[in-house]
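What the coordinates show
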Amino acid sequence: MEFKKAFDLIVGRVEEELVKSEYTRQKVAAENNNELAALFTSQNIAYSVVYYMDKQQMVLRSCTMTEDGPDNDWKTLATWLYDEETATQKDAESIANDFVEGVSGTIAIKRAKQVKQKKRKDDDGNADPKFLAKRFVTFFPELKDEIKNEEDCYFPFRGATFAKEHIAPKIDTYIKRATKPELEKIASVFNVQYGNGDVDTRSIITIVILNSLEDAEYKSVYEYFDDDLKKAADAARKYKGKTVKPEKIKNKNTSKASTLNNQ
């Protein structure tokens, strides 16, 4: 099987697996004419599939993500020889199966948790409530206009209020009719955003969104949460139905001059 076709088959299988965990395939050029490369990124980890033509090797590797992109301290996770003169589609599928296991198995989950824990020690999360809201546009396209309207009318972005009015009702409806893969997909968003979120974002996920769910819907999605979110969600569930202090809203049209004059 020609190496380019084999590469496309392997990359396609890896992509199919990674999108379940909110990874995005990036447009990337190989470092030289001797390589084929594909890059997938999340907020914590980057995975790359590379074929080295001179060595006839298919390689799966990973590195940590930074604010500027992959840190390029690549660690090789798997290497397979692939000679198009003798290799068949079955060989390509075997490599694909191994690479999929490399990005989705127990070791991959442990790798992601280790990176997440390391980042949490460094900055305790930096994804804000607006970033969280935008993550749900994939599920609910109408949120795009609702987010824009919020930005136009209020400053700062009313994260808790917006989540309560625009996100929570949609999540409830989604879960009521969701299939198992759909539940896994939306739970993955919660897992990632809770892990990377700032204090406000984590509170919005647990206190506002998850606590808006009735027990049946809550239990349906809960089983797909990671350990960190389960622990936080269990603690927050004790506050379900209790009054939360409202946000202080600052009108975006209020000028700095008028604010100073009123002090």
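Preceding this section is the structure that the text describes.
Here the structure is a predicted model, which is why all the values come from computation and not from measurement.

Conventions we followed
Residues numbered from 1 in each chain as written. Predicted model: local features only at pLDDT ≥ 70, side-chain atom pairs only at ≥ 80, totals over all residues. Heavy atoms only, no water. Helix = DSSP H or I, 4+ residues; strand = E, 2+ residues; numbered from the N terminus. Buried < 20%, exposed > 50% of the residue type's maximum accessible area, 1.4 Å probe, protein only. Contact = heavy atoms within 4.5 Å. Salt bridge = Lys/Arg side-chain N within 4 Å of Asp/Glu carboxyl O. Axes fitted to C-alpha atoms, helices over the stretch in contact; angles between N-to-C directions. Parallel < 35°, antiparallel > 145°, perpendicular 65-115°, else oblique. Left-handed = near helix turned anticlockwise from the far one by under 90°. Nonpolar A, V, L, I, M, F, W, Y, C, P; charged D, E, K, R; others polar. Core = buried A, V, L, I, M, F, W, Y, C linked by side-chain atoms within 4.5 Å. Polar contact = N/O pair within 3.5 Å; in protein donor to acceptor, adjacent residues only side chain to side chain. Phe/Tyr/Trp six-rings, centres within 6.5 Å; stacked < 30°, edge-to-face > 60°. Lys NZ or Arg CZ within 6 Å of the ring centre and 35° of its normal.

As a further point, take the overall build of the chain. Helices and strands together make up the secondary structure of the chain, namely 11 helices and 6 strands. Burial status across the chain gives 41% buried among its 263 residues. Pairs at least 24 residues apart make up 59% of the contacts formed inside the chain by residues separated by at least 6 positions.

We now examine the pattern of salt bridges. Where charged atoms of side chains with opposite charge meet at close range, the side chains can pair. Applying the stated criterion to the full structure yields 10 salt bridges. Of the charged contacts, one joins Lys 20 and Glu 17 as a salt bridge, the two residues approaching to 3.4 Å between their closest N and O atoms. With a closest N to O distance of 2.7 Å, Glu 150 and Arg 158 form a salt bridge. Of the two residues, Glu 150 and Arg 158, neither departs from the other in class, the shared state being buried. Taken together, the shared-partner salt bridges connect Asp 172, Lys 176 and Glu 217 into one network.

Close contact between helix α6 (residues 159–177) and helix α8 (residues 199–209) brings their axes to 10 Å; oriented N to C, the two are set at 55°. The angle between α6 and α8 places the two elements in the oblique class. In this structure, the crossing between α6 and α8 has a hand that is right-handed. Counted together, Gly 159, Ala 160, Ala 163, Lys 164, Ile 167, Ala 168 and Ile 171 of α6 and Ile 204, Val 208 and Ile 209 of α8 form the full contact between these two elements. Across the contact of α6 with α8, the residue classes tally to 8 nonpolar, 1 polar and 1 charged.

Here the focus is the nonpolar core. In this structure, Phe 136, Ile 167, Ile 171, Phe 190 and Leu 210 are the most contacted members of the largest nonpolar core, which totals 34 residues. Put simply, the parts of the chain that give this core at least two residues each are α4 (129–135), α5 (143–153), α6, α7 (180–196), α8, α9 (215–222) and α10 (227–237). Filtering out sequence-adjacent residues up to four positions away, Phe 190 remains in contact with Phe 136, Ile 171, Ile 205, Ile 209, Leu 210, Phe 225 and Leu 229. The next biggest cluster of nonpolar side chains, apart from the first, holds 26 residues, and it includes Leu 60, Tyr 82, Ala 92 and Ile 95.

Glancing now at the side chain of Glu 150. Looking at where Glu 150 falls in the secondary structure, it is placed in helix α5. You can call Glu 150 buried: its relative accessible area is 2%. Among the polar contacts made by the side chain of Glu 150, one reaches the side chain of Arg 158 at a distance of 2.7 Å. Discounting chain neighbours no more than four positions away, the residues touching Glu 150 are Phe 157, Arg 158 and Phe 162.

This part covers the packing of aromatic side chains. In this description, a pair of aromatic rings is defined by centroid distance and the angle of the planes. Across all of its chains, the model carries 11 aromatic pairs by this definition. A ring pair is formed by Tyr 23 and Tyr 47, whose centres lie 5.6 Å apart and whose planes are at 45°; its orientation type is tilted. Of this pair, Tyr 23 sits in the loop between α1 (3–18) and β1 (24–26) while Tyr 47 sits in strand β3 (residues 45–52), and the two are 24 residues apart along the sequence. Plain terms: the ring middles of Tyr 218 and Tyr 222 are 5.5 Å apart, the flat faces sit at 35° to each other, and that makes the pair tilted. With a gap of 4 residues between them, Tyr 218 and Tyr 222 both fall in helix α9, about one helical turn apart. Three or more aromatic residues joined by ring pairs form one cluster here, namely Phe 136, Phe 139, Phe 140, Tyr 174, Phe 190, Tyr 218, Tyr 222 and Phe 225. Of note, Lys 55 hangs over the ring of Tyr 52, and the distance from its end group to the ring centre comes to 5.6 Å. One cation-aromatic arrangement involves Arg 202 over Tyr 194; the distance from NZ or CZ to the ring centre is 5.7 Å.

To continue, consider unusual backbone geometry. A cis amide bond, omega 0°, links Phe 155 with the succeeding residue Pro 156. Among the secondary structure elements, Pro 156 is positioned in the loop between α5 and α6. Located in the positive-phi region is Glu 22, a residue other than glycine, with phi close to 70°. As for its placement among the helices and strands, Glu 22 is situated in the loop between α1 and β1. For Glu 22, a relative accessible area of 29% translates into the label partly exposed. Phi angles above zero are rare outside glycine, and Asn 72 is one such case at about 65°. Its place among the elements puts Asn 72 in the loop between β5 (69–70) and β6 (75–81).

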